[in-house]
Each structure stands twice: as C-alpha cells, then as structure tokens.
Amino acid sequence: MKNNIIELYDIYEPTLLPLLRLKPLFALRTGIFSEAERVLLKLKSEQTKDTDLLDIKNELKIHISRDENFYKDYLHIHYASLETTSENYISKNYINIKAKTSNIQPTQPAELIANIGKNIQNDVAFLSREEFPIIENPEFGLEGDLTDLWIASSAKVSPHAVIDTRNGPVIIDANVKISAFSLIRGPVYIGPDSNIDRVFIENSITGKHARLGGEISNSIIGDFSNKHHEGFLGHSLVGDWVNLGALTTTSDLKNNYGKIRLQFEQTNFDTKTIKFGSIIGDHVKTAIGTMLNTGTIIDFGSLIFTTVKNEVYYPHRKYYSPFSWGSDVQRYKFDRFTEDMKIIMARRNEKPDKRILALIQQFFGETN
C-alpha cells in the first residue's frame, strides 16, 4: 500500500473565469494533458508491476478560489476520468480543500500561452511508441526529425499535408483526420477525433473533437470547438463547445505595439505582453465575419454578432458578460440557450449532464 499526496491548484486571475465556469483550472488542457491528468500519469509511472492503482491511497489537496462545493460536485461528475476507486473514496476520506493562500501567485492568461511549447515537450515523456509508432517513410511532407513526430495508428494524414517538427514535436492523436494543403508546425498537439482541414497551425493545443481550418497560432482550443473556416486565431484561449463563424478573426497586436490590457467586468488587467488575442469562454458562438480587438474577453454562453438598430452601429466591446447576445449586449434567454446547447451537442452525439445544466441555471440566475 502506497500513500500519496496530490496537490492541485485552482487559483487564477479572474480573466480566466470564462474558461472555468464549469471546471477547475487543473482540468484545463495546457499541453497534451491537463494538470490533473499529469498527476495520474505520474502515479501510474511510479507503480511497480505488482501494484494496482486502486491500492494507492491519495490525499487530494485542492487550493481553491471558490466555494468548496464546486470542487466536490466537479469530482463527482467527472471522477471516472480521475480514476479513483469510488465516490465514497473521494467524498469521505481523502479530500482536503484549502483556501487560497497569499504566497500562491494566480495563473495568468499570457502565462498559459507562453508555456504551450514547454508543456507539450514535457508531456511527450508520457506517450508510448506502441500507440504512436514511428512512420519510417511518411507519404506526407515532413520537415524535421521523425522522432519528434507522434501520430496515432488510427490517424489519417493526407499525402498532400506538410508537418514541420523543426521547432518542436507534433502529436496527432487517435482518429484525427488531416486534409490536403494543411501545414502543422510544431510544437502542436491535435486532440482525438479532430478534423483538420486546410489549416496552418503552429505552437498550439487543441482538445478532442475539434474542427479546425484557417490560421491558428499560439493558442489553446478546448474540446468540441469549431474554427472550421478562414480567419485568424492568435495568442488566444478558447473554451469547450465554441463555434467561431467563418472569417472570425482575433487581433493579437496593437498598431502601436503597446502592452495589451484585459478588461474583466469593471477591472483592468495588464497582460505584460504586446502579443495577446482573445479569451473566448465555453459555449460561445460568433457570427460570420466577427472581428475581435486585442484583449477581448467573451464570457460563458454568449452569442456575438454586430448589432445595428435604427441605423445605430454598436461596435464590439472589450468584455462581454455571460450570456451576452449581440454587440449591444442583450441577454441570451435561458430557455433558448439550453435548447440551442442541446441541439449543438446532439450533433456530436453528446448531451449535457443534468448536474451541469443545474449549475448553468444557477449561474444564469446569479448573472441576472
């Protein structure tokens, strides 16, 4: 029997909250894996052949920035992915939820983007060549070292695609499809079951079931999100179940090369960098031709399009509150939002968990 203490952190600058309304920071994919997944992989790697993961007792310490019930609910909804023994194992003995402490620096958006390449490179250590065999004579174009190329056996890459590993590894996970005329320049991770069509992507991370096209640079994209058409996404953080309409484009550099500031609610935050695009929260949708200024934040569940009323043009904002509707910031009606959410998820053979819907409904009421 082996005892382990697992420490996970959910302390972050408020600007990241649009990505974290339904999950803690340690569940956010920041490389090939999330921090929670890395902990489990390390535990597995430390075991002897005769030791089962279920025999390991873990004390889970979570450093928090919100009510502790949020974490308990999250663990109960997703505990299977954390590979713990049972709900009782989690709930009775091994959770130690700690309040935010003054010596822990909050994670900042620019920090996540700056660490994309490093995290991908470090996470490669957890991959197996049995699942990602070396392709001795690839039919597609390859620039760089074969040993930095990790393609799952079930992935399909067009002979007319080009993969470049000279600046870092490229990992293409199970059942990914890469179309002709795609250029993937590492470090890049493409999540399982994703379709990559005529894309140029570099130094980026995508979740599972992504649909991507156009130009993507220095960005993290969540699960089940679409950016399938032309348009530029740069130095940006995109949540789960996001749909970016054709030609949606993020600016990630000011004309005067000045430092970019973010606005969350009524507070401004300095990114300390001249390169930053947008933060686009879970379940956000943008209309065709949406143009987003540097440092735009779109919070959870919003539908963004340019509003013109009575010949009055409403320009895009720096911050959109949750459930925004249009550039003049009307409200997405809750029943309409949940109905749209179910229709969208059904297209991927998914449906929202009842507890997730209850959490969204509670959050919607709080934002009124």
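Residues numbered from 1 in each chain as written. Predicted model: local features only at pLDDT ≥ 70, side-chain atom pairs only at ≥ 80, totals over all residues. Heavy atoms only, no water.

Visitor: What is the right way to read the overall build of the chain from this model?
Guide: Within the chain, the secondary structure is distributed over seven helices and 30 strands. For the chain, buried positions account for 52% of its 368 residues. When contacts within the chain are restricted to residue pairs at least 6 apart in sequence, those whose partners lie at least 24 apart make up 42%. Counting only carbon and sulfur atoms, one obtains 48% of the accessible surface of the chain, whose full area is about 17700 Å². (Helix = DSSP H or I, 4+ residues; strand = E, 2+ residues; numbered from the N terminus. Buried < 20%, exposed > 50% of the residue type's maximum accessible area, 1.4 Å probe, protein only. Contact = heavy atoms within 4.5 Å. Areas by Shrake-Rupley, 256 points an atom, 1.4 Å probe, with all protein chains shown as cover.)

Visitor: How should the pairing of strand 20 (residues 267–270) be read in this particular structure?
Guide: Each regular strand shows side chains that alternate between the opposite faces of the sheet. Pairing analysis gives four bridges linking strand 19 (residues 261–264) to strand 20, with the strands arranged antiparallel. Bridge pairing in strand 20 links R261 to D270. (Pairing = 2+ DSSP bridges.)

Visitor: What is the right way to read the packing of aromatic side chains from this model?
Guide: To describe a pair of aromatic rings, one takes the distance between the centres and the angle between the planes. Evaluation of the coordinates by the stated rule reveals 16 aromatic pairs. Taking the centre distance of 5.8 Å and the plane angle of 45 degrees together, the rings of F323 and F363 count as tilted. Separated by 40 residues along the polypeptide, F323 in the loop between strand 28 (319–320) and strand 29 (324–325) and F363 in helix 7 (residues 354–367) bring together distant segments of the chain. For F363, a relative accessible area of 13% gives the class buried. Relative to Y332, the ring of W325 has its centre 4.9 Å away and its plane inclined at 75 degrees; by these criteria the two rings are edge-to-face. The exposure class of W325 is partly exposed, given its relative accessible area of 23%. In textbook terms, an aromatic cluster arises when at least three aromatic residues are bridged by ring pairs, as seen for F300, F305, F323, W325, Y332, F334, F337, F363 and F364. (Phe/Tyr/Trp six-rings, centres within 6.5 Å; stacked < 30°, edge-to-face > 60°.)

Visitor: Looking at this structure, I do not really get helix 5 (residues 116–123). What am I missing?
Guide: Helical geometry: 3.6 residues make up each α-helical turn, so side chains three or four residues apart lie on a common side. Residues of helix 5 that are buried: I116, G117, N119, I120 and D123. Take helix 5 and look down its axis: the buried residues cluster within an arc of 165 degrees, on one side only. (Arc of directions from axis to C-beta.)

Visitor: Looking at this structure, how should I read the pattern of salt bridges?
Guide: Opposite charge on two side chains permits pairing when their charged atoms draw close. Under the counting rule described, the total for this entry stands at 15 salt bridges. Note that R38 and D123 form a salt bridge whose closest N and O atoms lie 2.8 Å from each other. A residue pair is termed long-range when its members are at least 10 positions apart, and R38 in helix 1 (residues 35–46) and D123 in helix 5 qualify at 85 residues. D123 matches R38 in its accessibility class, with the two residues each being buried. Each of E143, D164, R166, R185 and E202 takes part in salt bridges that share partners, so that together they form one network. (Salt bridge = Lys/Arg side-chain N within 4 Å of Asp/Glu carboxyl O.)

Visitor: Please clarify how the environment of L247 should be interpreted in this entry.
Guide: Assignment of secondary structure puts L247 in the loop between strand 17 (243–244) and strand 18 (249–250). Take L247: its relative accessible area is 45%, and that puts it in the partly exposed class. Sequence separation of L247 and H229 is 18 residues, and the distance between their C-alpha atoms is 6.5 Å. Among residues more than four places away in sequence, those in contact with L247 are E230, G231, G289, T290 and M291.

Visitor: Sorry, what's going on with the confidence of the model for the chain here?
Guide: The predicted coordinates ought not to be read in detail in places where the model reports low pLDDT. Per-residue pLDDT for the chain averages 88, and the proportion of residues at 70 or more is 88%. In this model residues 48–56 is a low-confidence stretch, pLDDT under 50, and it forms 13 contacts with partners more than four residues away in sequence or in other chains. Ignoring residues within four places in sequence, the model shows residues 80–93, a span with pLDDT below 50, making 22 contacts including any to other chains. (pLDDT = per-residue confidence, 0-100.)

Visitor: Is there a simple way to explain the nonpolar core in this structure?
Guide: Burial of nonpolar side chains together is a common tendency in soluble globular proteins. I151, V157, I163, I172, I178, I184 and I280 are the most contacted members of the largest nonpolar core, which totals 32 residues. Taken together, the elements giving at least two residues each to this core come down to strand 5 (149–151), strand 8 (170–172), strand 10 (183–190), strand 11 (195–206) and strand 12 (211–217). Counting residues in hydrophobic clusters, the runner-up holds 31 residues, among them L17, L20, I113 and I297. (Core = buried A, V, L, I, M, F, W, Y, C linked by side-chain atoms within 4.5 Å.)

Visitor: Hey, could you run me through the packing of helix 6 (residues 334–346) against helix 7 in this one?
Guide: A packed helix pair is summarised by two numbers, namely the angle formed by the two axes and the spacing between the axes. Contact pair helix 6 / helix 7: the axes reach a minimum separation of 11 Å and the direction vectors enclose 150 degrees. Taken together, the axis directions place helix 6 and helix 7 in an arrangement best described as roughly antiparallel. Note on packing geometry: the crossing formed by helix 6 with helix 7 is right-handed. Here F334, F337, T338, M341 and K342 of helix 6 come into contact with helix 7, specifically with L357, I360, Q361 and F364. Among the residues forming the contact of helix 6 with helix 7, the class breakdown is six nonpolar, two polar and one charged. (Axes fitted to C-alpha atoms, helices over the stretch in contact; angles between N-to-C directions. Parallel < 35°, antiparallel > 145°, perpendicular 65-115°, else oblique. Left-handed = near helix turned anticlockwise from the far one by under 90°. Nonpolar A, V, L, I, M, F, W, Y, C, P; charged D, E, K, R; others polar.)

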